[in-house]
Amino acid sequence: MATATLPSSAPQPNPGAILQIGLGFWASKTLLSAVELGVFTELAAAPLDAAALSQRLGLHPRAALDFLDCLVALGLLDRNGGLYANTADTACFLDRNQPSYMGGILEMANARLYRFWGGLTTALRTGQPQNETTNGTDPFAELYSDPQRLRGFLQAMTGISGGAARAIAGQFPWAGYTTFADIGAAQGCCAAAVALAHPHLAGVGFDLPVVQPIFEEYVRGLGVGQRLRFQPGDFWNDPLPAVEVLIMGHILHDWDLDGKRRLVAKAYAALPPGGALVVYDAMIDDERRRHAFGLLSSLNMLIETPGGFDYTGADCCGWLREAGFAETRVESLGGPASMAIGIKR
Ligand SMILES: C[S@@+](CC[C@H](N)C(=O)[O-])C[C@H]1O[C@@H](n2cnc3c(N)ncnc32)[C@H](O)[C@@H]1O
């Protein structure tokens, strides 16, 4: 039997990337458990040695050192002279007491998604969500039936959308407008970032009624409660607020193609001439070969929703033009998300 030989100049096959991706859940779950245990919050006040930190976290001695040193090796903690400390990134983003805390998305990943992704093969074979949804229609009805899960989800949205929200506040030409509404505002992360950066703006957070107290607490805490009001509503059945700019962030990817088109058409109808729709999501690159995060986010929509999927910037501009928007463009927001802007003439 002939054996295949590779020309000596060809790059040699390397299993490194396969192993790193295939066992990537080891590192992922180590970080998620560290957030759950409060490692980064405990270390916010001062560095601690292994014994003191283990005692505060309630760690069994068997793997305490391995766990903490793993976090060092993963670049999530520093260790100097036996004392563990947060890195600059973990001090900023994973200390629960900082306003910049973005662990909400990791807490939700730990409590829900980590388990549900175990059903990915089934989802790929059946096309069915693999989360707590049982009625097969509205993914939010089941998710929000538990108050703790509701708050956790809304905080997770703040965790995942903070970077995009600050970029939208900085990049969109807000000087030309005076009013805006964030449709599906969740805790109010994007609305608050825009209001904080532009004192001349008044905004609306539009979301399901159950979200109201969590939105109001958040925006009051950031000192923008006077300029941001909450409007309870259902974007399928109720009118959208009458404002100059509508934002839909991580909304379109939750729904099937018909739902996406209906929401874009509804936004177009609600806007005045000159008004703008800003859509942001982890948009996939137009060739669908580079932005793995956008494609993985689309698989997450398979796990989480009956018909949702992520899409490219070109797809989104197509839907915007189909609805009537005269000018469209896509801008990267610096992180995993991009925004598509449609201007109504
Ligand atoms: C994936 S989250 C996105 C939150 C936020 N825009 C962001 O980017 O972080 C979807 C939001 O849409 C809201 N939502 C879902 N169905 C809705 C409906 N029928 N009417 C109004 N809001 C809805 C949810 O409550 C949630 O806040």
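Residues numbered from 1 in each chain as written. Predicted model: local features only at pLDDT ≥ 70, side-chain atom pairs only at ≥ 80, totals over all residues. Heavy atoms only, no water.

**Student:** Looking at this structure, I do not really get the overall build of the protein chain. What am I missing?
**Tutor:** The number of helices and strands found in the protein chain is 15 helices and 10 strands. Here the C-alpha atoms of the protein chain give a radius of gyration of 22 Å, agreeing with the 20 Å that 2.2 N^0.38 yields for 345 residues. In terms of its C-alpha atoms, the protein chain occupies a principal-axis envelope of roughly 65 × 65 × 40 Å. Burial status across the protein chain gives 47% buried among its 345 residues. For the protein chain, the accessible surface area stands at approximately 17,100 Å², while carbon and sulfur atoms represent 57% of it. Of the side-chain charges in the protein chain, 25 are positive and 33 negative, and the distance between the mean point of each set is 2 Å. (Helix = DSSP H or I, 4+ residues; strand = E, 2+ residues; numbered from the N terminus. Rg over C-alpha atoms; globule rule 2.2 N^0.38 Å. Buried < 20%, exposed > 50% of the residue type's maximum accessible area, 1.4 Å probe, protein only. Areas by Shrake-Rupley, 256 points an atom, 1.4 Å probe, with all protein chains shown as cover. Lys, Arg positive; Asp, Glu negative; His and termini not counted. Charge placed at Lys NZ, Arg CZ, Asp CG, Glu CD.)

**Student:** Is there a simple way to think about the domain arrangement of the protein chain in this case?
**Tutor:** Annotation of the protein chain at the domain level lists domain 1 (25-93) and domain 2 (160-288 + 304-343). Summarising the inter-unit geometry, the C-alpha centres of domain 1 and domain 2 are found 37 Å apart. (Domains from an automatic or database assignment.)

**Student:** Before we go on, may I ask you to explain the site of the ligand in this structure?
**Tutor:** Residues in contact with the ligand amount to 18 residues; listed here are only the nearest, Tyr 144, Ser 161, Gly 184, Asp 207 and Gly 249. Between Asp 234 and the ligand, the recorded distance is 2.9 Å, taken from a side-chain N or O atom to a nitrogen atom. The separation between an oxygen atom of the ligand and a polar side-chain atom of His 250 is 2.9 Å. Coverage of the ligand by the protein chains reaches 98% of its 590 Å² of free accessible surface. Per-element tally for the shell around the ligand: the top contributor is helix α10 (residues 147-171), with 3 residues. (Near = heavy atom within 4 Å. Polar contact = N/O pair within 3.5 Å; in protein donor to acceptor, adjacent residues only side chain to side chain.)

**Student:** Can you help me understand the sheet that holds strand β6 (residues 228-232) in this one?
**Tutor:** In a beta sheet, neighbouring strands are held together by backbone hydrogen bonds and run either parallel or antiparallel to one another. Strand order in the open sheet formed by 7 strands is β6-β5-β4-β7-β8-β10-β9, and the pairing between neighbours is mixed. Both outer strands of the open sheet, β6 and β9 (327-332), are each paired with one neighbouring strand and no more. Within the sheet, the average angular offset between the axes of one strand and its neighbour, ignoring direction, is 20°. Taken together, the 6 bridges between β9 and strand β10 (residues 338-343) define a ladder with antiparallel strand orientation. Across the sheet, Thr 328 pairs through a bridge with Gly 342, a residue of β10. (Pairing = 2+ DSSP bridges. Axes fitted to C-alpha atoms, helices over the stretch in contact; angles between N-to-C directions.)

**Student:** Help me out: how do you make sense of the packing of helix α13 (residues 257-270) against helix α15 (residues 313-323) in this one?
**Tutor:** The axes of two packed helices give the description: the angle between them and the distance between them. Two numbers describe how α13 lies on α15: the axes approach to 9 Å, and their chain directions differ by 50°. Taken together, the axes of α13 and α15 lie oblique to each other. Note that α13 runs across α15; the crossing there is right-handed. Only Trp 319, Leu 320, Glu 322 and Ala 323 of α15 make contact with α13, whose side of the interface consists of Leu 257, Lys 260, Arg 261, Val 264, Ala 265 and Tyr 268. Each residue belonging to the contact of α13 with α15 can be placed in one class, and the counts come to 7 nonpolar, no polar and 3 charged. (Parallel < 35°, antiparallel > 145°, perpendicular 65-115°, else oblique. Left-handed = near helix turned anticlockwise from the far one by under 90°. Contact = heavy atoms within 4.5 Å. Nonpolar A, V, L, I, M, F, W, Y, C, P; charged D, E, K, R; others polar.)

**Student:** Can you help me understand the sheet that holds strand β1 (residues 48-49) in this one?
**Tutor:** Ordered by their spatial adjacency, 3 strands build an open sheet running β1-β3-β2, and the pairing between neighbours is antiparallel. Single-partner strands in this sheet number two, and they are β1 and β2 (77-80). Strand direction decides the pairing type here: β2 and strand β3 (residues 83-86), joined by 4 bridges, are antiparallel. Note that in β3 the partner of Arg 79 across the bridge is Tyr 84. Running at roughly 110° to β2, helix α5 (residues 61-73) makes contact with β2 and β3 of the sheet.

**Student:** In this structure, what is going on with the pattern of salt bridges? I would like to understand it.
**Tutor:** Oppositely charged side chains may form a pair once their charged atoms are brought near each other. Inspection of every chain in the model, using the stated rule, returns 14 salt bridges. With a closest N to O distance of 2.8 Å, Arg 112 and Glu 304 form a salt bridge. Of the two residues, Arg 112 is situated in helix α7 (residues 103-116) and Glu 304 in helix α14 (residues 292-304); the sequence distance between them amounts to 192 residues. Neither residue differs from the other here; Arg 112 and Glu 304 are each classed as buried. Taking the shortest distance from any N to any O, the salt bridge between Glu 217 and Arg 151 comes out at 3.3 Å. Of this pair, Glu 217 sits in helix α12 (residues 212-221) while Arg 151 is found in helix α10, placing the two residues 66 residues apart along the sequence. Among the residues examined, Arg 151 registers a relative accessible area of 31% and is labelled partly exposed. (Salt bridge = Lys/Arg side-chain N within 4 Å of Asp/Glu carboxyl O.)

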